[in-house]
Each structure stands twice: as structure tokens, then as C-alpha cells.
Amino acid sequence: MNYNTRFDVDTVLRTVEAVSKRHPEGTPEDEALRICAAALLFVRDDLQKLEEFREFFRKLTTPAVEGIKVAHTFASREEADAWLASGTARDGQLVRVAGQGFTVIDHGPKGLKLVRMPLPEELPPHKPGK
């Protein structure tokens, strides 16, 4: 699910207020909603704090796999090795070779080489509690 990281603080505060009316004063839900509202009020009037919070929110709500970008896809290891030899590869790039993930590693005088680094889709599904 994608969240709006450019949310309008006042709209969120009005929503928190509307939700809080469903919970009696003094309940744990009421307290939690008051804390959320106070945190938003704390950052609302300071543009730097608000932008820092938005960046924090973006990091918190963006699945890690969305940040993984495959730089190149090759049908075979031979194609990938030719690309490495061409001089355009850069240390740290992630590539897909015949459906498998690899990362480019700079071995100094030995040059660049591909090291196996599974892509998210190659990994088994996460099982909570394990």
C-alpha cells in the first residue's frame, strides 16, 4: 500500500479529532489519539521538523523491496561478463542474470566481479514470528 507522504497536517488532525469522538475520554484509545495529535502539532509549524517527519514517515511506510533497483538485466552470464569487461559497470550495482540477482563488487587490481545477491522475488515469503 502506498501512503501519501505529502499529507496535509490539518486534514490529518481533523481526522484524528473525528475518530477520537468515538472513544470515551480517558480510554487508552483517547490517550493514543491525543498523543498522535500532539506529535503532529509539534511538527506542523516548523517546516524543517515537518519535512524531517515526512521523510521519516516515507522511510517507515515504504517497503524495503521498493528501494531495490536492478540496474541491468542479462539473459546469460556471458552477456553480464561482457558488460563487466566493457567498463560501464559500477561497484554496488545490482543486476539480474538469467533470473538471478548479482551485485557488482570492485576487487581493486583484480577488477570488477559479480557476486550472488538474491533479489527479493527469489527469497521465500516472510513468515511472521520466525
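Below: a short report on this structure. Small disclaimer: the values here were computed from a predicted structure and weren't measured.

## Details of the packing of helix α2 (residues 28–44) against helix α3 (residues 47–61)
Two numbers describe a pair of packed helices, the interaxial angle and the distance between the axes.
Here's step 1: One way to put it is that α2 packs onto α3 with a least axis distance of 7 Å and a crossing angle of 125°. The angle between α2 and α3 places the two elements in the oblique class. Side by side, α2 and α3 meet where Leu40, Phe42, Val43 and Arg44 of the first sit next to Lys49, Leu50 and Phe53 of the second.
Here's step 2: Classifying every residue of the contact of α2 with α3 gives five nonpolar, no polar and two charged.

## What about the environment of Lys49?
Here's step 1: Counting through the fold element by element, Lys49 comes out in helix α3.
Here's step 2: Residue classification places Lys49 among the partly exposed residues on the basis of a relative accessible area of 30%.
Here's step 3: Apart from the residues lying within four places of it in its own chain, the contact partners of Lys49 are Phe42 and Val43.

## Structural notes on the packing of aromatic side chains
Here's step 1: Enumeration according to the criterion identifies five aromatic pairs in this entry.
Here's step 2: Pairing Phe53 with Phe57 gives two aromatic rings, centres 6.5 Å apart and planes at 20°, and the pair type is stacked. Of this pair, Phe53 and Phe57 both sit in helix α3, four residues apart, which is roughly one turn of that helix.
Here's step 3: Owing to a relative accessible area of 21%, Phe57 belongs among the partly exposed residues under this scheme.
Here's step 4: Taken together, a centroid distance of 5.3 Å and an interplanar angle of 40° make the contact between Phe74 and Trp83 tilted.
Here's step 5: Judged by relative accessible area, which is 10%, Phe74 ranks as buried.
Here's step 6: Through a chain of ring-to-ring contacts, the aromatic side chains of Phe7, Phe53, Phe56 and Phe57 assemble into a single cluster.

Cut-offs used in this document
Residues numbered from 1 in each chain as written. Predicted model: local features only at pLDDT ≥ 70, side-chain atom pairs only at ≥ 80, totals over all residues. Heavy atoms only, no water. Axes fitted to C-alpha atoms, helices over the stretch in contact; angles between N-to-C directions. Helix = DSSP H or I, 4+ residues; strand = E, 2+ residues; numbered from the N terminus. Parallel < 35°, antiparallel > 145°, perpendicular 65-115°, else oblique. Contact = heavy atoms within 4.5 Å. Nonpolar A, V, L, I, M, F, W, Y, C, P; charged D, E, K, R; others polar. Buried < 20%, exposed > 50% of the residue type's maximum accessible area, 1.4 Å probe, protein only. Phe/Tyr/Trp six-rings, centres within 6.5 Å; stacked < 30°, edge-to-face > 60°.

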